[in-house]
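# What the coordinates show
What follows is each chain in one-letter form.
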Amino acid sequence: MQLTITDVHKRYGDVVALDGPSFEVPSGSTFGVLGTNGAGKTTLFELLVGHDRPDGGTIEVGGLDVERAGHRVRERVGFLPEHTGFPAALTGREVLSIHARIRGLEDRHARIEDCLEIVGLTDAADRAVEGYSNGMGRRLGLAATLLAEPPVLVLDEPTAGLDPRGVAAFHRIIERIDRETDATVVLSSHVLSEVERLCDEVVVLQDGTLRAAGAVDDLRSNDGRVTVTVRPASEGDRPALLTVVRRYGDVTDTGDALEVACDRETAFDLVAALGESHRKLVDRFEVREPGLEAAFHEALENEDGDEPAETATTEEIPS
Ligand SMILES: Nc1ncnc2c1ncn2[C@@H]1O[C@H](COP(=O)(O)OP(=O)(O)OP(=O)(O)O)[C@@H](O)[C@H]1O
């Protein structure tokens, strides 16, 4: 089911949360919404699922306007909010049973078992939720979201706060949903590698505006540039090596190595030179393709030409 966001505006008092982004989420895709803290991701999701109204612009889910057909849209969209809470004394199965009853699901027992299995909570289904880990709680939230088999899933930072195993488990679930259903999945995240792994397309928001949009593969290689990281054979070789690599591109001295940013063609020449005439100066070198991270920082570069934000060395976007 396709989603169409057109020139959506939302402000809270003096704060402009959304300032006119427009984009489409293709039917059946897994779609990432990226952005720094306060970029407007949660606001967008609240509008998408009909919890709040835009001040201007329109949002359509499968051709239905969210404002005009709110009830019918809500039936089509499963929402996992950023923070989920369940009554602590209930078991996971009881929580799902209540959700299924509220939605008036037929054959709900079979569906509850299916959803418990999908999120890997079958064995823990009869334990009280208060004993669940953070990751189990998120997975129970996802199970509740999946119960009615909505054609659209909106997941607000689904893996935030989970440990690496919890994150990996969540990724496998989302990949399974992608493989086995026609659902359109829209998720927000601060973790770029997660978006690269899971999503077909992304948008980057900043201060409520759209800064980049496109297929992950296109954004990743948008400028055809690569980074060649060169380690000198010894500290004494560093100055001579620096003189050589400067001829090929912009050089950053990380202390540990020299990073040369250049286009792919120039990288071939540099690698040839390092492997032949300047072999003695070099301990080792590697060539890195640009990741989504580079595209993200480029998208957030100021329009007036300021330097881009410093590239993060971890997967988390600095806030
Ligand atoms: N209910 C509200 N009242 C006032 N301001 C709000 C409200 N909700 C959001 N905002 C403001 O709107 C802007 C966008 O917030 P939003 O929560 O949508 O960003 P976000 O991209 O989801 O951020 P994060 O990654 O931190 O969750 C922020 O400046 C935020 O402070």
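Bear in mind that the values here come from a model prediction, so they are computed numbers and not experimental data.

## Focus: the packing of helix α3 (residues 92-102) against helix α4 (residues 108-118)
It is at 10 Å that the axes of α3 and α4 come closest, and there the two elements cross at 130 degrees. It follows that α3 is oblique to α4 by the angle criterion. Here α3 runs over α4; the crossing is right-handed. Contacts between α3 and α4 involve Arg 93, Leu 96, Ser 97, Ala 100 and Arg 101 from the first element and Arg 108, Ile 112, Glu 113 and Leu 116 from the second.

## Brief notes about the side chain of Arg 238
As for its position among the elements, Arg 238 is in helix α9 (residues 238-245). A polar side-chain atom of Arg 238 sits 3.0 Å from a polar atom in the side chain of Glu 235. Contacts of Arg 238, omitting those with residues within four sequence positions, involve Pro 232, Asp 253, Gly 255, Asp 256, Ala 257 and Leu 258.

## Details of the sheet that holds strand β12 (residues 225-232)
Judged by pairing direction, the sheet is antiparallel, and its four strands sit side by side in the order β13-β14-β12-β15 without closing on themselves. Edge positions in the sheet fall to β13 (250-253) and β15 (282-288), since each has one partner strand and no second. Strand-to-strand, the axes of this sheet are offset by a mean angle of 20 degrees, without reference to chain direction. The pairing of β13 with strand β14 (residues 258-263) spans four bridges and is classified as antiparallel. Paired with Asp 250 across the bridge in β14 is Ala 261. Helix-sheet contacts for helix α10 (residues 264-275) involve β12, β14 and β15, and the interaxial angle to β14 is about 135 degrees.

## Looking at the domain arrangement of the protein
What the domain assignment lists for the protein is domain 1 (3-220) and domain 2 (225-289). Relative to domain 2, the C-alpha centre of domain 1 lies at a distance of 44 Å.

## So, unusual backbone geometry
Of note, the phi angle at Asp 7 is positive, near 50 degrees, even though the residue is not glycine. Along the chain, the position of Asp 7 falls in strand β1 (residues 3-12). For Glu 149, which is not glycine, the phi torsion reads 50 degrees and is therefore positive. Within the secondary structure, Glu 149 is located in the loop between α5 (134-146) and β8 (152-155).

## Observations concerning the site of the ligand
Around the ligand, a shell composed of 14 residues is seen, among which Asn 37, Gly 38, Lys 41, Thr 42 and Thr 43 lie nearest. The separation between an oxygen atom of the ligand and a polar side-chain atom of Lys 41 is 2.8 Å. For the ligand, the protein covers 62% of the area, taking 640 Å² as the surface of the free molecule. Ranked by residues supplied to the shell around the ligand, first place goes to helix α1 (residues 41-48) with three residues.

## Quick notes on the packing of aromatic side chains
As enumerated under the stated definition, the model contains one aromatic pair in all. Aromatic pair Phe 23 and Phe 31: ring centres 5.6 Å apart, planes at 5 degrees, arrangement stacked. Here the two residues Phe 23 and Phe 31 agree in accessibility, since each one is buried.

## Remarks on the packing of α5 against helix α6 (residues 164-180)
Running from amino to carboxyl end, α5 crosses α6 at an angle of 15 degrees, the nearest separation of the two axes being 11 Å. The orientation of α5 relative to α6 falls into the category roughly parallel. In terms of crossing hand, the pair formed by α5 and α6 is right-handed. On α6, the residues that touch Arg 138, Arg 139, Leu 142 and Leu 146 of α5 are Phe 170, Ile 173 and Ile 177.

Criteria and thresholds
Residues numbered from 1 in each chain as written. Predicted model: local features only at pLDDT ≥ 70, side-chain atom pairs only at ≥ 80, totals over all residues. Heavy atoms only, no water. Axes fitted to C-alpha atoms, helices over the stretch in contact; angles between N-to-C directions. Helix = DSSP H or I, 4+ residues; strand = E, 2+ residues; numbered from the N terminus. Parallel < 35°, antiparallel > 145°, perpendicular 65-115°, else oblique. Left-handed = near helix turned anticlockwise from the far one by under 90°. Contact = heavy atoms within 4.5 Å. Polar contact = N/O pair within 3.5 Å; in protein donor to acceptor, adjacent residues only side chain to side chain. Pairing = 2+ DSSP bridges. Domains from an automatic or database assignment. Near = heavy atom within 4 Å. Areas by Shrake-Rupley, 256 points an atom, 1.4 Å probe, with all protein chains shown as cover. Phe/Tyr/Trp six-rings, centres within 6.5 Å; stacked < 30°, edge-to-face > 60°. Buried < 20%, exposed > 50% of the residue type's maximum accessible area, 1.4 Å probe, protein only.

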